[in-house]
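Secondary and tertiary structure notes
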Amino acid sequence: MGNIETTLGIDLSAFWMPFSANRQFKHAPRLLVGAKDMHFTAHDGRKVLDGTAGLWCVNAGHGREKIISAAKAQLDVLDFAPTFQLGHPKAFEAAQKIAALAPEGMDHVFFSNSGSEAVDSALKIALAYHRARGEGQRTILVGRERGYHGTGFGGISVGGMTNNRKTFGNLLPRVDHLRHTWDIEHQAYSRGQPEWGAHFADELEQRIIPLHDASNIAAVIVEPVAGSTGGLVPPKGYLERLRAICDKYGILLIFDEVITGFGRLGKPFGADFFGVTPDLMSFAKGVTNGTIPMGGVVASNKVYDAFMQGPEGAIELFHGYTYSGHPVAAAAAVATIDLYREEGLFERAAAIAPYFEQALHSLKGLPNVIDIRNLGLIGVIEVAPRPGAVGARAFDVFTDCYANGLLVRPAGDTLAMSPPLIVEKSHIDEMVGKLGAALKRAA
Ligand code: PXG
């Protein structure tokens, strides 16, 4: 520990790191001090290939001049302005850009500062929507096992990741969960969407609705592709069925697009990729290319219009954040979305996805690999857990890759890759080569 601290002249003790083994990290730190395009620079000057776009957010690659200069220019003009009963131009411009990118009929954007706040905002909008329409008894929120919706109390309640939930209980009182959509027996090594498993959506109509009655259910929230839990790709037809059942019973469908938004699947949103339009979409991460925190909710016109009733002077939604539509974040979002379009990065992701898929699946047959899943620029390798030590093998692969100049993301016994959309074939070859070598060593 002394080495890095002496080299960099910093003390690591004060920062209580999120989702991290603090003591282990502080004994063997991995510090990143710079980044450009596809690479981080580690504290010792080594280049580390960013196989994960940071945490699934730096979709245009690091250090993009256009975004950085837009944020700097905004700071010079207007560092902060409230958006409660006041406004500033960039927030409106950013909302307009996001709405233009979103599926048809989804023209309104509520801003938060993170994905967790985006999810909690979406859940609150769903509850308030039903109340505004005189169906205030619709308060049940339905999530899914292995879902990740951030770490707010709403998000962990509808989420389905055990470690995130067990300590904090199920704090929303009225929540249920669909089962997750992964089944190794029928789906292992699917390339893209599994053929089998659309029927998992029927649980909504066959178990959840009969149990609670549809008249009490506000919304169903799912990630189009479950990201953090290990890239669970929806079976063909699954999301379509969820949409149809929600429509039949007046239940709102929320897509949590925090990972799938802004080009990860080669389209603006997962909704576009799958051709299924939700009522609400939460987003974050790629909206500013990770430069400045920002998240939000895109609402369908149906939802928004339900609020725009009654006296004009009435506040329609008692919800918001000091930094909703922060000028610097809004400026970064505008520049980011322009950059995605100018460089055709979503199309680029779609074009290189088949190469990525082919490369990933070449790892089949390596020691302990039990499944490989992919869609767009999401790729996940699942390894068998070591007996009595869940996650240890994947963590070893992660540290081995890092030591050899590649960043991958371990979660349980999966290793996720989600490179920036500027990734080249040579980067993909390097990623798969280094990961393969680490997998062999991690036996
Ligand atoms: N929804 C989804 C689908 C997410 O993936 C959030 C909400 C929460 O976003 P914030 O900005 O509050 O963190 C996320 C976040 C990983 C990893 O390793 C994934 C996330 C965050 C950190 C790590 O998979 N996703």
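What comes next is a walk through the structure. (Residues numbered from 1 in each chain as written. Predicted model: local features only at pLDDT ≥ 70, side-chain atom pairs only at ≥ 80, totals over all residues.)

1. Considerations on the environment of Leu8
With respect to the secondary-structure elements, Leu8 resides in helix H1 (residues 2-8). Here Leu8 falls in the partly exposed class, since 13 other C-beta atoms lie within 10 Å of it. Taking the C-alpha atoms as reference, Leu8 lies 9.9 Å from Leu31; in sequence the two are 23 residues apart. Here Leu8 is in contact with Leu31 and His43, once residues within four sequence places are set aside. (Helix = DSSP H or I, 4+ residues; strand = E, 2+ residues; numbered from the N terminus. Buried ≥ 20, exposed ≤ 12 C-beta atoms within 10 Å, placed from the backbone. Contact = placed C-beta atoms within 7 Å.)

2. Here's the deal with the site of the ligand
Around the ligand, the structure places 19 residues, and the nearest of them are Gly115, Ser116, Gly150, Ser228 and Val258. For the shell around the ligand, the element with the highest residue contribution is helix H6 (residues 115-132), accounting for three residues. Split into classes, the residues belonging to the shell around the ligand amount to eight nonpolar, eight polar and three charged. Looking at the shell around the ligand, you find at least three residues from each of domain 1 (31-60 + 344-441) and domain 2 (66-342). (Near = placed C-beta within 6 Å. Nonpolar A, V, L, I, M, F, W, Y, C, P; charged D, E, K, R; others polar. Domains from an automatic or database assignment.)

3. Quick notes on the sheet that holds strand E15 (residues 414-417)
Here we have four strands laid out as an open sheet, ordered E11-E12-E15-E14, and antiparallel in their pairing. Each end of this open sheet is capped by a strand with a single partner; those strands are strand E11 (369-375) and strand E14 (409-411). Strand-to-strand twist across the sheet, computed as the mean angle between neighbouring axes with direction ignored, equals 20 degrees. When strand E12 (residues 378-383) meets E15, the two strands line up antiparallel, connected through four bridges. By the bridge assignment for E15, Val380 is matched with Ala416. (Pairing = 2+ DSSP bridges. Axes fitted to C-alpha atoms, helices over the stretch in contact; angles between N-to-C directions.)

4. A few points about H6
Over its 18 residues, H6 extends 25 Å from the first C-alpha to the last, a length consistent with the 26 Å expected when each residue adds 1.5 Å. Burial analysis of H6 places 13 of its 18 residues in the buried class, the great majority of the element. In the segment just after H6, Gly134 is the residue with positive phi, at about 85 degrees. (Expected span 1.5 Å × (residues − 1).)

5. A word on helix H17 (residues 425-441)
Taking 1.5 Å per residue, 17 residues should reach 24 Å; H17 reaches 24 Å between its end C-alpha atoms and fits that length. Regarding H17, the residues found buried are His427, Ile428, Met431, Val432, Lys434, Leu435, Ala438 and Leu439. Considered in projection along H17, the buried side chains sweep an arc of 170 degrees and stay on one side of the axis. Away from its buried face, by an angle of more than 90 degrees, H17 presents the exposed residues Lys425, Ser426 and Arg441. (Arc of directions from axis to C-beta.)

That's the geometry; what it means functionally is another story.
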